[in-house]
Amino acid sequence: MSKRLKIAALAGDGIGPEVMAEALKVLRAASKKFAFEIEVNEAPVGWAGIDASGKALPDATLAACKASDSILFGSVGLPDRDPTIPRDQRPERAALLRLRKEFSLFANLRPVKLPKALAHACPLAPQRQGDGIDILVVRELTGGIYFGQPKSIQDIGNGQQRATDTMVYTTAEIERIAEVSFRAAQQRRKKLTSIDKANVLENGALWRDVVTRVAKKYPDVTLEHMLVDNAAMQLVLRPTQFDVVLCENMFGDILSDEAAALAGSLGMVPSASLGATSGEQTFGFYEPAGGTAPDIAGKNLANPIAQIISAALMLRFSFKLNDAANAIEAAVEKVINAGLRTGDIYNPADNSARKVGTREIGDAIAAAV
Ligand code: IPM
Ligand code: MG
């Protein structure tokens, strides 16, 4: 019997629904070619959830996620919507952070790759791009300052307030994300750069100690520690020195956007957020690294590639369908090499390139699978 994949598809806001439609199109093409079945459960999240049933993560949506083997996620958050809705009920915290915590998705993988054909879209001078940029950012996703308690804004008299966020990490939390990053490095170029602020933060000192200890189990991987401010600089000066970059939650948030800019467009960077593996099964949450891009939403302008490759990562990590995942990635590469471009990666000076819309590039990728 063929494998049946139960997928919750949460398109969300802004460009989410448009890019999700293309990813589902490509998944369906892959399911025909590679003989697996998909059962897609589409559910609202973010402002779409608030509009549908008053909550950024409606109960029915959470139930659909729990009943599935993985979540394919679009994007949430529209900064201009109703400012009276409290911060803790807005989509970023009430849906996205909530889902990360609910499913213990502690390992966030963001592969940043600049294809040769898109060298023009990279903001760095050609000599800094070397033979190509290929970085995997591994970001801790359920700890650190995002979730640490206490977290508050308190009145302290005289019209003054005091805001507190708390950065907390335990040995076990650092160990498990370090393990993920060393194993990823073993599959790649065997170099790991661990990011911290060990010169100022106690969290940084512990992070460095624990990662150094975990490294002993992976003698084939070269470990280097780098302070986060230097890493921000090195990413633009010499990005080719990086293979796997390991970060705590907030540093990873910042550096992964910086790295993504090097890939030419946020619209090209997928991500996988994984929990612990139990037996054969890894529950995962797959989403493009870019946001809702409200300025281009609904206009058939968005680049669906990050969403499509996120679906490929889902096939690989949650369902072990490596051939199908590889086929989707190869189809993306083929379509890019054939010159099809959404606006974000289009170069008017390139005569072989053709500017197309979200649906057209999605159709082409689905056909190439
Ligand atoms: C990301 C996003 C989120 C984060 C926001 C939307 C809460 O920036 O996934 O990188 O900060 O983690
Ligand atoms: Mg971010």
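**Details of the sheet that holds strand β2 (residues 37-42)**
Point 1. An order of β2-β1-β3-β12-β11-β4-β5-β10-β8-β9 is seen for the 10 strands of this open sheet, with the pairing classed as mixed. Strand pairing shows two members of the sheet lacking a second neighbour, β2 and β9 (222-227), which therefore form its edges. Between one strand and the next, the sheet's axes are offset by a mean angle of 20 degrees, whatever the strand orientation.
Point 2. Strand direction decides the pairing type here: strand β8 (residues 191-196) and β9, joined by 6 bridges, are parallel. When the sheet's bridge partners are listed, Thr193 is paired in β9 with Glu224.
Point 3. Helix α3 (residues 59-66) contacts β1 (4-12), β2, β3 (70-75) and β12 (281-288) of the sheet and is inclined by roughly 150 degrees relative to β1.
Point 4. Lying over the sheet, helix α6 (residues 171-186) contacts β4 (107-113), β5 (134-140), β8, β9 and β10 (244-247), oriented at roughly 165 degrees with respect to β5.

**As for the packing of aromatic side chains**
Point 1. Using the criterion set out here, one finds 4 aromatic pairs in the structure.
Point 2. Note on Phe103 and Phe283: the rings are 4.5 Å apart at their centroids and 10 degrees apart in plane angle, and the pair reads as stacked. Of the two residues, Phe103 sits in the loop between α4 (91-102) and β4 while Phe283 sits in strand β12, which places them 180 residues apart along the sequence. In this pair, the class of Phe103 matches that of Phe283, namely buried.
Point 3. Here Phe182 and Tyr218 contribute two aromatic rings whose centre-to-centre distance is 5.0 Å and whose plane-to-plane angle is 5 degrees, an arrangement assigned as stacked. Note that Phe182 is positioned in helix α6 and Tyr218 in the loop between α7 (202-215) and β9, a separation of 36 residues in sequence.
Point 4. According to the relative accessible area criterion, Tyr218 is buried, its value standing at 7%.
Point 5. The ring of Tyr146 has Arg139 lying over it, and the distance from NZ or CZ to the ring centre is 5.3 Å.
Point 6. Sitting over the face of the ring of Phe106, Arg176 holds its NZ or CZ atom 4.2 Å from the ring centroid.

**Topic: the site of ligand 1**
Point 1. Taken together, Glu92, Leu96, Arg100, Arg110, Arg139, Tyr146 and Asp253 make up all the residues around ligand 1.
Point 2. Within the side chain of Arg110, an N or O atom sits 2.9 Å from an oxygen atom of ligand 1.
Point 3. Within the side chain of Arg139, an N or O atom sits 2.8 Å from an oxygen atom of ligand 1.
Point 4. Its free accessible area being 320 Å², ligand 1 has 74% of it covered by the protein chains.
Point 5. Ranked by the residues each element gives to the shell around ligand 1, the list is headed by α4, at 3 residues.
Point 6. A class-by-class count of the residues in the shell around ligand 1 yields 2 nonpolar, no polar and 5 charged.

**Notes on a nonpolar patch on the surface**
Point 1. Where nonpolar side chains cluster on the molecular surface, the patch consists of Met233, Val236 and Leu237 and spans about 230 Å² of accessible area.
Point 2. Structurally, Val236 is set in helix α8 (residues 228-237).
Point 3. The class of Val236 is partly exposed, set by a relative accessible area of 33%.

About the criteria used
- Residues numbered from 1 in each chain as written.
- Chains lettered and ligands numbered in written order.
- Predicted model: local features only at pLDDT ≥ 70, side-chain atom pairs only at ≥ 80, totals over all residues.
- Heavy atoms only, no water.
- Pairing = 2+ DSSP bridges.
- Helix = DSSP H or I, 4+ residues; strand = E, 2+ residues; numbered from the N terminus.
- Axes fitted to C-alpha atoms, helices over the stretch in contact; angles between N-to-C directions.
- Contact = heavy atoms within 4.5 Å.
- Phe/Tyr/Trp six-rings, centres within 6.5 Å; stacked < 30°, edge-to-face > 60°.
- Buried < 20%, exposed > 50% of the residue type's maximum accessible area, 1.4 Å probe, protein only.
- Lys NZ or Arg CZ within 6 Å of the ring centre and 35° of its normal.
- Near = heavy atom within 4 Å.
- Polar contact = N/O pair within 3.5 Å; in protein donor to acceptor, adjacent residues only side chain to side chain.
- Areas by Shrake-Rupley, 256 points an atom, 1.4 Å probe, with all protein chains shown as cover.
- Nonpolar A, V, L, I, M, F, W, Y, C, P; charged D, E, K, R; others polar.
- Patch = residues over 30% accessible without salt bridge, like charges linked within 9 Å, V, L, I, M, F, W, Y side chains within 5 Å.
- Salt bridge = Lys/Arg side-chain N within 4 Å of Asp/Glu carboxyl O.

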